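# Topology and contacts: notes
Single-letter residue listing:
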Amino acid sequence: MLLVGSIFRISDCGMRIFSPNPQSAIRGSTELAEVNPQFLLAHVRAVALAVACLVAGTGDARASDGAASLADVARQVQPKVVKLYGAGGLRGLEAYQSGILISAKGHVLTVWSYVLDADEVTVVLDDGRRFEARHIAADPLTEIAVLKLEPGDDELPYFDLSQAVTAEPATRVLAFSNLFGIAAGDEAVSMLHGVVSALAPLDARRGAFATNYRGDVYVVDAAANNPGAAGGALTDSQGRLLGMLGKELRSSLTGTWLNYALPVRAFAPTVEEMLAGRFTPAELADVDRPEKPLSLAALGIVLVPDVVTRTPPYIDRVLPDSAAARAGLRPDDLVVMIDTQVASSCRDAVRLIERLEHDAAARIAVLRDNDFLEFTLKVQADEESAEEK
Amino acid sequence: MFAFIPVASAAGALEPDAEVLGAEAQRIETIERISRPTLAIFGADGQGGGSGVVISPDGYALTNFHVVAPTGPAMKCGLSDGRLVDAVLVGLDPGGDVALIKLLGDGEFPAADLGDSDAVHVGDWAYVAGNPFLLADNFKPTITYGIISGIHRYQYPAGTLLEYADCLQTDAAINPGNSGGPMFDAAGRLIGVNGRGSFEKRGRVNVGVGYAISINQIKRFLGLLKSGRIVDHASLGATVTTDEEGRVVVDDILDDSDAFRRGLRYGDELVRFGGREIGSANTFKNVLGTYPAGWRVPMTFRRDGREFERVVRLAGVHRGGELEALLHAEHEPPVPDQPPRRNEPLPPGDPPRRPPEERRPGRRSVPQAKMPRAVRDHYEVAPGYANYWFNRYHQQRVWNAYLARGDFAETGWDWKIGGNTATGGAVTIELAEKSGSIVMPDGQSGAQFGLSLTEEKSPPRSGGLLAALHLWQRLLLFGPRRFGEVYYLGTMPWPVGPAVPAGTRSSRPAEPALRDCLVATHGGVETRFYFNPDSGDLVGIEMQASDDEDPCEIYFSDVREVDGRHLPHQWTIRHGDELFAELKINSYDLASHAPSKDKE
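In what follows, the accompanying structure is described. (Residues numbered from 1 in each chain as written. Chains lettered and ligands numbered in written order. Predicted model: local features only at pLDDT ≥ 70, side-chain atom pairs only at ≥ 80, totals over all residues.)

In this section: the overall build of chain A. Counting its regular elements, chain A contains 11 helices and 21 strands. Residues counted as buried form 41% of the 389 residues belonging to chain A. Sequence-distant contacts in chain A: of pairs separated by 6 or more residues, those separated by 24 or more amount to 62%. (Helix = DSSP H or I, 4+ residues; strand = E, 2+ residues; numbered from the N terminus. Buried ≥ 20, exposed ≤ 12 C-beta atoms within 10 Å, placed from the backbone. Contact = placed C-beta atoms within 7 Å.)

A few words on unusual backbone geometry. All names here are of chain B. Between S458 and the following residue, P459, the backbone shows a cis peptide bond with an omega angle of -5 degrees. Mapping P459 onto the fold places it in the loop between β25 (443-448) and α11 (465-483). Phi at F133 is positive, roughly 55 degrees, even though this residue is not glycine. Mapped onto the elements, F133 comes out in the loop between β7 (125-130) and β8 (142-155). For F133, a count of 15 C-beta atoms within 10 Å corresponds to the partly exposed category.

Residues and elements named next belong to chain A. Strand order in this open sheet of four strands is β19-β18-β20-β21, and the pairing throughout is antiparallel. Each having just a single partner strand, β19 (341-342) and β21 (371-377) make up the two edges of the open sheet. Where strand β18 (residues 334-338) meets β19, two bridges bridge the pair, whose relative direction is antiparallel. Directly across from I338, in β19, lies its bridge partner Q341. Running at roughly 40 degrees to β18, helix α10 (residues 346-353) makes contact with β18, β19 and β20 (362-368) of the sheet. (Pairing = 2+ DSSP bridges. Axes fitted to C-alpha atoms, helices over the stretch in contact; angles between N-to-C directions.)

A few words on the sheet that holds strand β30 (residues 552-562) of chain B. Residues and elements named next belong to chain B. Pairing within the open sheet is antiparallel, and its 11 strands lie in the order β25-β24-β23-β22-β32-β31-β30-β29-β28-β27-β26. Since the sheet does not close on itself, it has two edges, and those belong to β25 and β26 (485-495), each with one partner. The average angle at which neighbouring strand axes cross in this sheet is 25 degrees, direction not considered. Inspection of the sheet shows strand β31 (residues 565-575) paired to strand β32 (residues 578-589) by six bridges, in the antiparallel sense. Residue R574 lies in a different strand from β32, and its bridge partner there is L579. Of the strands in this sheet, β26 and β27 (512-522) touch helix α4 (residues 215-225), which is tilted by about 155 degrees from β26. Along the sheet, α11 makes contact with β22 (415-421), β23 (426-431), β24 (435-440), β25, β26, β27, β28 (525-531), β29 (538-544), β30, β31 and β32, crossing β27 at roughly 85 degrees.

All names here are of chain B. Counting buried residues along strand β9 (residues 164-170), seven of its seven residues qualify, which places the element largely inside the surrounding structure. In the sheet, β8 pairs with β9 via four bridges, with the strands oriented antiparallel. Along β9, the bridge assignment pairs G150 with Q169. As judged from the three bridges shared by β9 and strand β12 (residues 210-214), these two strands associate in the antiparallel manner. Counted as the bridge partner of L168 is A212 from β12.

This is the structure in C-alpha cells:
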C-alpha cells in the first residue's frame, strides 16, 4: 500500500530532505525533527494495521482482491449525501451546506446553522431530485439538526447511525460534502481523502465564541471543512460512517482552520430522541441563565440602537445615579469585554450580562480613546427594586 | 534529525510484505516516468512561471493560457533532466485556458501518454506534477498525490474568459506555479492540465480543491491549436433551462443558427448532446464547453413525445476579432482592490517584479528583435493568430502532401466528368473557367462563375454543387498561395468513407475522424477543404455561400489513380438534412485539353 511505503521509508525521506535544495532541507528538518520516535513508531504500527484491511490497488485504484475500490465506495456513499440550500448568500455567508440521509423515509442530518434559518430549505439529492425540507428538531449543544423530506413511496439510500463505526488515528478516511457548492443538480458531491490525525477534544472558536460542543472530534488531515462542507459525511475507506463534518472553526490555540468531524456517538442518542419525537432542546441560554439575571438597564447602561447583525456595543447613554454612572462609564465608551468574555456586538453584550446574577459584580472593560479601561459595577439594593417597578 | 535512526531500525523490524514493497517500487517508477515530460515554464527573461507538459516527441507541450499571457510568445522551459530550452507559443484557447507551445531544439523530447479523461472515476488516484511556488531550481517537478474528488465539474468563467467546463476536481495539492502542469492517472497517463482551484477566504494556497482541464477536451482543440490560431469555443445558438419537471428545454434560439435549421425550436426538450445524456442545464453547459467552434455534434431532442436525431454545426462564442480584442482587454493591468473571486485561475508562482505597464500581454511585451534566435525563426505576427508561422507551415504541409497525390496545375480549366447516380442514371459534369453544367437523369443545370459566387446555387437543392466544384478546381489548379485568402483551420471531424448508406435519409451515420482543414475564400464564398492527414487525399468540400445558409457538402471516397493523379470515384453530395445525390464516377477527362499556362 502506498501510504505504508512512504512511512516505512521515512528514514529515506529524511535522507532525501538533505538534497541539494537547501530550502526544502530546512523546512523538512524543522517539521520532522520535532517528531518523537515513540510517537512515530506508534503511528507506523497503526498505519500498518489500518492498511492491512484496505488493499486498494495501486494500478488504477481498483481492488485486486475483491475489496471495494475507492471509486465503488464513492458511488455507494455519494447518494447518501445531499446538497442543502437555504438562507445566506451575503458576503462570506454561503447559502448552502451538506447533509446526510439517515433514514429511507427522508430524514436528513445536518449542522444547525443560519442556512436552515429560512422559510424554505431545499434539499437536492444525488439524482437531482429536489425537495422542500421540514424542520424536525435541532440541538444547540452539538449544533446538529434533523430535517425531513417527503420522498413518497421511494426508499432513499441512507446511513444507519446504529451501524456507524469508530476509527483510531492513522485510519484512512474519506470526506464527502458539497464543499464550495461545486456540485449542483444531479452532480455528485465531492470526495476528499486523508487519515485521522487525532481523536481529540474540540477546542475551537467561531469568531469570538467558543463552540458549545467540547467533546472529542476526529481531526483529519484532509481539507474537509471548507465552506459548504458542514453536514457532510466522514467515512472509513469502506464507506462506513464515522462522523459528520462540522462547521468551519478555527483552533483556539493556533487560529488555524480545523478539519474535523463529530463522531457519530456524539450525536446518535440525540438523533434517536429527535426521530422518536422525544427531543426537547436544552436552551443553551437557559443553562447559563440565572434565576434572576442582571440586565444592562439595571446597571444604567443604554447601548446604541442595535441596527445591524453585529452592531458594535457603544454606550449611548449612562443613566444618572446608576451603577454605571457611579463606576465612571461614559457615553461613547465601546464595551469590549464582560467578565472574561469578548462582547463583539450589542447582542453579545446583552447576552453576556444576562448570564450574571442580578446582584453580581459585573466586570466591564471598555475602550475609550484608545485606552482600555476596566470597571466593576454593582447594583445597589434600592435600585434593583426600582427596576422591578 | 538523529531521531530518525532508531525509528528506521524499529520500522525495519515490522518486515513490510512484498506486496507493499512492490507497490512502492511501482509508484516510484510511475513518478519518474511522469516527471520526464513535466516542464517548468518561465518568461524569456526568466521571470514569472508556471508548469507545462510535453505531449509529443517533436516538442509540442501544453500549458495554461494564463501562464503564457504574461510571458508572450517566447519562453524558457526547464526539463526534469535539468535542461533549459527555448519554447515558442503556437496556439491559444483563451476560453478554455489552454495554450500550446513548442520546445525548440534538437532531438526527441520525453512526451506524456495521453489518457482518457472520460474513463476517470471519482476515487481514482491522481498525480499532479509541476513547479508549485517555483521551488525547483533544478526543474525536477514537485509531485503531489490525491484522489479524483469530482468529475464533469463546471466552473464559471473568471472574468469573460477561462471557463472550465467538464473539468476534473482533485484533492491532490494544486498551488500557484502548478498552473499549466499535468495531472496523471495512477498508471501515469495524462488526464488533465491543472489550472484552477477553490480558495475563498483561506488565501491562495491549496485547500483541497483543485481543477484540471480534461485531456479529452484538449484533444479536440489540439489539432486546431497547432494551426497557430486563437481558437474559439462553441455555442449552439440556443440556450436551455431546466423546467419544473426537470426537463432541459430550449428557452431561446437564434433563427439564423444551424440548430434552428436542423429543426430545433423553442420549447423542445434536449435529450442527448455529444453522446451525453442531458440531465440538467449545467450538464449541457459542461458538454458544450468542451467543443471548439465549428465542430459538428450529434444532438437528440424531443417534441410531442417524438425524438429527433440531428448533427448540428456549432458556431463560435465570439465574432471575428472579438476574441482577440478581449484578450488585450483582459490583460490590461488589473483594477486594484477588486474583490477576490471565489474560484480563480492560479496566479503565476512568482510575484511580478516588473511594473504593471511592462507586463502587457503576448506580442507586445517582447520585441521580436530581442527574442532568442530559435524563437524568432518560428514566430510570425498576424492579426487573429497566436503565431502565424505555424499556420503557414501547416498550409504548406497539407498542400505538399496533396501534391504528392497528383499535380493538377497543368490540366487547365476544361474538365469533363462522367458517372452514374445510385439508381444507375448517367451523369455528366462539364467545368470550364467561367461556367459549368451538370446533366442528371432528372434534369440539367448550368452555372456562371463570375466575380461573386454567393448567388450561384445550382443545381437546385444542392446548395451550389457547381460553384463548389469550380472552387475545388480553382484550388487544384492554383494551390493555396494563388487561390485567394487561404488559411489552415486545424483538424476537424469529417466522416470516414461514404457519408450515408445508399437509400437512407438519416443524418450522418458514418463515424467522423479528424481531418486537416484548409479554409479558402473566393468570390465571397467560404469553402472548407478536408484532407486525410495519412494519405494526403482530399476527402471533402464544404461550401457555404453565407452564414445563415446550409453549405453544399461533398464527401469524396473511393480514391483511385487516373493518369498519375489520385481522384475520388465516389461522391456523396448533401445539403442541409437532405441527400442531394450519390454519384459513382467512372471517367475523368482532365488532360485532353491544352495546358493552361497562359491562363494562370
